[in-house]
Amino acid sequence: REAALAVETVLGQAEPGDAVWFHRGVVAMNPEILLPKIVRLSWERRVPVFDEEADYVARGLLFALTHDYLELGRAAAAMIDGAAGSIVFATHAKRILNGRTARAIGISPRAVQEGSFNYVYE
């Protein structure tokens, strides 16, 4: 209940032009209750909401930036196989977008198409 009230407060104070990034654990506390509320407020206030979970984007959040575990594994294997003691920072990520939410909050479809997203939900 407190999380739902906090979400409502944060999004209720957001203005167009703002964006809200929820830390991984916030929505996970109770996605069945929090996600519908977050998506509704995001659309009403025209505020982009981000998270780290692709599943939440499929359910209405605008965008997720999440680890690409396959590419991270490949980078780690390459480090072990050929780097002979050197350290390489792996920076592989997937960019996931909800096109329907983008349009609902006023982001043009052209901007969505021009982006370099790994996956776009419609």
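Residues numbered from 1 in each chain as written. Predicted model: local features only at pLDDT ≥ 70, side-chain atom pairs only at ≥ 80, totals over all residues. Heavy atoms only, no water.

Caption draft 1: Region of interest: the sheet that holds strand β5 (residues 119-121). The 5 strands lie next to each other as β1-β2-β3-β4-β5, forming an open sheet whose pairing is mixed. Here the strands that pair on one side only, and so sit at the sheet edges, are β1 (20-21) and β5. As paired strands, strand β2 (residues 49-51) and strand β3 (residues 63-67) are joined by 2 bridges and run parallel to one another. Counted as the bridge partner of F50 is F63 from β3. (Pairing = 2+ DSSP bridges. Helix = DSSP H or I, 4+ residues; strand = E, 2+ residues; numbered from the N terminus.)

Caption draft 2: Spatial organisation of helix α1 (residues 2-13). The end-to-end C-alpha distance of α1, which contains 12 residues, comes to 17 Å, matching closely the 16 Å that a straight helix rising 1.5 Å per residue would cover. Taken as a whole, α1 has its buried residues at A3, A4, V7 and L11. The buried side chains of α1 occupy one side of the element, clustering within an arc of 100° when seen end-on. Turned more than 90 degrees off the buried face of α1, the exposed positions are E2 and Q13. (Expected span 1.5 Å × (residues − 1). Buried < 20%, exposed > 50% of the residue type's maximum accessible area, 1.4 Å probe, protein only. Arc of directions from axis to C-beta.)

Caption draft 3: Structural context of the pattern of salt bridges. Tallied over the full model, the rule gives 5 salt bridges. For E32, the salt bridge goes to R59, with nearest N and O atoms at 3.1 Å. Placement of E32 in helix α3 (residues 31-45) and of R59 in the loop between α4 (54-58) and β3 is noted, with a sequence separation of 27 residues between them. Connected through salt bridges with shared partners, the residues E32, D55 and R59 form a single ionic network. (Salt bridge = Lys/Arg side-chain N within 4 Å of Asp/Glu carboxyl O.)

Caption draft 4: Here's a closer look at the pairing of strand β4 (residues 93-98). Bridge count between β3 and β4: 5 bridges; the pairing is antiparallel. Its bridge partner lying in β4, T66 is registered against K94. Bridging between β4 and β5 involves 3 bridges; their strand directions are parallel. Bridged to N98 within β5 is Y121.

Caption draft 5: Structural view of the packing of aromatic side chains. Summed over the entire model, instances satisfying the criterion amount to 3 aromatic pairs. Their ring planes at 90° and their centres at 5.5 Å tell us that F50 and F63 sit as a pair that is edge-to-face. Of this pair, F50 sits in strand β2 while F63 sits in strand β3, and the two are 13 residues apart along the sequence. With respect to burial, F50 and F63 carry one shared label: buried. Relative to F117, the ring of F63 lies with its centre 6.0 Å away and its plane at 75°, an arrangement referred to as edge-to-face. (Phe/Tyr/Trp six-rings, centres within 6.5 Å; stacked < 30°, edge-to-face > 60°.)

Caption draft 6: Fine view of α3. Here α3 is 15 residues long and its end C-alpha atoms lie 20 Å apart, about the 21 Å a rise of 1.5 Å per residue gives. Within the span of α3, buried status applies to P31, L34, L35, I38, V39, L41 and S42. In the segment just after α3, R46 is the residue with positive phi, at about 55°.

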